[in-house]
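Summary of structural features
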Amino acid sequence: MSWLKRLFGGGTTKTDTARAVRTPAQPPYFAIIDVETTGLSPKRDRVLELAVVRVDQRGQVVDEWSTRFNPEGPVGATHIHGITDADVAHAPLFRDVATSIVPYISGLPIAAHNARFDLGFLRAEFRRAGWDVPWLPAYCTLDGSHHYLPNLDRRRLIDCCWSAQVPLNDAHSALGDARATAGLLRHYLQAQGRVSPHPALVSVPNEARTVVWPTGPSRPPLTFLPDEPATRRRTRRPTTAPQRPALIAQLTKLSLAEVLDEGAPVGSLTYVETVLDALEDGVITDAEAAALQDLVEAYDLSAADITAAHTALLLALAHNALDDGHVSGDERAQLEAIASALRLPAKMVPGLIAEADAARAARLSAGLRPLPSTWVHGDPLRVGDKVVFTGFVGKDRQRARLEDRSRELGVRVLGSVSGLTAMLVTDGSFAGGKLERAHELGTRIVDPETYAALLKHLQPALAAAPKVAPRAPATQRKVPGTAVPGTSPGEIRAWGIANGYAVGVRGRLSAELKAAYEEATSLTGV
């Protein structure tokens, strides 16, 4: 797969020379490959280690081969792949071993987990070595997991192996990951009696038989690929694992289904998985940001698909940041850094946060009961309201209970009073700056007992007033069910809940809801 796999464990200690292991078995039917690389981009980065595990028609191992290579430059993220500069100082160059690799893959379909990535690096290294690389039929076990393991949140090698009960040893080493991928492929091949065959898995062996490899290079080796810049900046990655910012650490928990719900095209999910892995180490360098763009070519996605996938990923992460009801300054900065790495404008982050906030308010508002007929406490407290606490001298536990419960229910607890504060909660035991400011602004002041009653009967967030777009001329009327220009999905969700519609708090909005919102907007228009 690559250096960017975020699995458990580290690389294993191996010699620099190629090795092959052969066991008695049927003829090889698939060649499973895995590469460890210096970075993300096949154009800019190099293969450090390659493993080939060949299996028969039942998925049983026939033989295996692996070696490390001298990348002719820094090794990159040692803390991920476990390979140091010293480990490969005397290893062979890829071009010196290329002729030995071809017999292991010629005439066989290639399999890999995230095959486009591994094949991109393999092709690039052969091209640098002066070879004319033929078309290589391949099967991706990550893509195949949607067919054979349909209920996974993430589809990294470790996730798929766990679901298929395939051992994963020596993770981050090319041979360890290739063996695990071979086990995963065996699981797929032997599932044919229980699951309908995956068409790609059935067709790719026949396609591979028609591929003819050249017997050797046709031109001198290249220092750089033709479309690479003449000079490359040699930046050394840290050799120890960096401290991951809190928000970026949440990427490990992010589900692909969440990103799909936020609008990522179905065909982009393998690319999204690669991007998630690339971001998880908490280091987003300029080189990595550029390398992500290089990956776009490998996945055959349009510019619109990539923008939609990146936006959906950022929005899903904004939802995660808002799980505690507040996006801190550090979290906002991390969202902006990720937006920059994904070539999205940082100015879109506040809008995504607002949309995620509206969706959270809608989720927490759903199912809340109306006020009782005997209600005597005036205006209710609502989801999303901002409150401030002061006083509670000697009553820290009571204050903490009220603050914690407020956050759980979607009420924002802030540290200072402003014109947007809904109320100040105080027991009168301390008259400080917060109370003075509340009197100055006319902010509502309530005692703890009243606040507890308000919290018990919390009411839904108020729907944002629909933004009214100018009426189009008769020849340019909008198509019913299309979104109102300038209106975020969060606003439409909140409006729908407030008006009795069944609304999902994540994912795409229904055409019925959009049409109803559009009609309401047109009725309030001028």
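Figured I'd write up the structure that's included with this text. (Residues numbered from 1 in each chain as written. Predicted model: local features only at pLDDT ≥ 70, side-chain atom pairs only at ≥ 80, totals over all residues. Heavy atoms only, no water.)

1. Section: the overall build of the protein chain
Definition in use: Counting from the N terminus, the helices are the DSSP runs of H or I reaching at least four residues and the strands are the DSSP runs of E reaching at least two. Here a residue-residue contact requires only that any non-hydrogen atoms of the pair lie within 4.5 Å. Using the Shrake-Rupley algorithm and a 1.4 Å probe, accessible areas are obtained, with residue cover drawn only from the displayed protein chains.
Within the protein chain, the regular secondary structure consists of 20 helices and 10 strands. In the protein chain, the proportion of contacts linking residues at least 24 apart, taken out of those at least 6 apart, comes to 75%. Just so you have it, the protein chain exposes about 24,000 Å², and 53% of that area is on carbon and sulfur atoms.

2. Focus on the sheet that holds strand β8 (residues 412-414)
So the rule is basically this: A pair of strands is treated as paired once DSSP finds two or more bridges between them. Comment: axis = line fitted to C-alpha atoms, over the contacting stretch for helices; angle = value between 0 and 180 degrees taken between N-to-C directions.
On the basis of which strands lie adjacent, the open sheet formed by 4 strands has the order β8-β7-β9-β10 and parallel pairing. In this open sheet, the two strands that pair with only one neighbour each are β8 and β10 (444-446). Each adjacent strand pair in this sheet contributes to an overall mean axis angle of 30 degrees, direction not counted. The strands that helix α17 (residues 433-441) touches are β7 (386-390), β9 (423-426) and β10; relative to β9, the one it contacts most, it runs at about 140 degrees.

3. Overview of the pairing of strand β4 (residues 61-68)
Operational definition: Remark: exposure states derive from per-residue accessible area (1.4 Å probe, protein chains only) relative to the maximum for the residue type, with buried under 20%, exposed over 50%, and partly exposed in between.
Judged by how many residues are buried, β4 sits mostly within the fold: 7 of 8 residues are covered. Here strand β3 (residues 47-55) runs beside β4; their pairing, made up of 7 bridges, is antiparallel. Across the sheet, Arg54 pairs through a bridge with Asp63, a residue of β4. Hairpin connection of β3 to β4: 5 residues between the antiparallel strands, including Gly59 at a positive phi of 90 degrees.

4. Observations regarding helix α14 (residues 329-341)
As a reminder, the rule being used: Helices are assigned an expected span. That span is 1.5 Å times one less than the residue count. To obtain the arc, one takes the directions from the helix axis to the C-beta atoms.
Taking 1.5 Å per residue, 13 residues should reach 18 Å; α14 reaches 18 Å between its end C-alpha atoms and fits that length. Buried residues of α14: Glu331, Gln334, Leu335, Ile338, Ala339 and Ala341, and no others. All buried residues of α14 fall inside an arc of 160 degrees around its axis, so they share one side. Residue Arg343 follows α14 closely and has a positive phi angle near 60 degrees.

5. Topic: unusual backbone geometry
Of note in this structure, Asn114 is not a glycine but carries a positive phi near 70 degrees. Within the element layout of this structure, Asn114 appears in the loop between β5 (110-112) and α4 (115-128). For Asp300, which is not a glycine, the phi torsion comes out positive at approximately 50 degrees. Within the element layout of this structure, Asp300 appears in the loop between α12 (286-298) and α13 (303-321). The exposure class assigned to Asp300 is exposed, which follows from its relative accessible area of 59%.

6. Topic: the pattern of salt bridges
The condition is simple: Every case where a carboxyl oxygen of Asp or Glu lies within 4 Å of a side-chain nitrogen of Lys or Arg is listed as a salt bridge.
A complete count under the given rule lists 16 salt bridges for this structure. The residue Arg95 makes a salt bridge to Glu72 at a minimum N-O spacing of 3.6 Å. Here Arg95 is found in helix α3 (residues 94-105), whereas its partner Glu72 is found in the loop between β4 and α1 (78-81), with 23 residues between them in sequence. On the accessibility criterion, Arg95 (34% relative accessible area) is partly exposed. Judged by its relative accessible area of 35%, Glu72 falls in the partly exposed class. When the shortest N-O distance is used, the salt bridge between Arg437 and Glu440 registers 2.6 Å.

7. Things to note about the nonpolar core
Just so we agree on the cut-off: Here, nonpolar core refers to any group of buried Ala, Val, Leu, Ile, Met, Phe, Trp, Tyr and Cys residues whose side-chain atoms link them within 4.5 Å.
Ile33, Leu50, Ile101, Ile105, Leu122 and Phe126 are the most contacted members of the largest nonpolar core, which totals 69 residues. Looking at which element gives the most residues to this core, the answer is α13, with 10 residues. Residues in contact with Ile105, not counting those within four places in the same chain, are Ala31, Ile33, Val52, Ile110, Leu122 and Trp213. The next biggest cluster of nonpolar side chains, apart from the first, holds 28 residues, and it includes Phe30, Val55, Leu175 and Ala180.

8. Here's the deal with the pairing of β9
Condition: Handedness rule for crossovers: strands pointing away from the viewer, path from the first strand over the helix to the second running clockwise, crossover right-handed.
Judged by which residues are buried, β9 turns out to be covered on both faces: Met423 and Val425 on one side and Leu424 and Thr426 on the other are all buried. Bridging between β7 and β9 involves 4 bridges; their strand directions are parallel. Across the sheet, Val388 pairs through a bridge with Leu424, a residue of β9. By the bridge criterion, 3 bridges tie β9 to β10 in an arrangement that is parallel. Residue pairing across strands places Val425 opposite Val446, the latter belonging to β10. Handedness of the crossover is the feature at issue here: the chain leaves β9, passes through α17, returns alongside β10, and the resulting connection is right-handed.

9. Structural notes on the environment of Val75
Along the chain, Val75 turns up in the loop between β4 and α1. When its relative accessible area of 3% is taken as the criterion, Val75 is described as buried. Distance in space between the C-alpha atoms of Val75 and Thr37 is 7.7 Å, their sequence separation being 38 residues. Beyond its immediate chain neighbours, meaning those up to four positions away, Val75 contacts Thr37, Thr38, Leu48, His81, Ile83, Thr84, Asp85 and Val88.

Any functional reading would require information beyond the geometric quantities listed.
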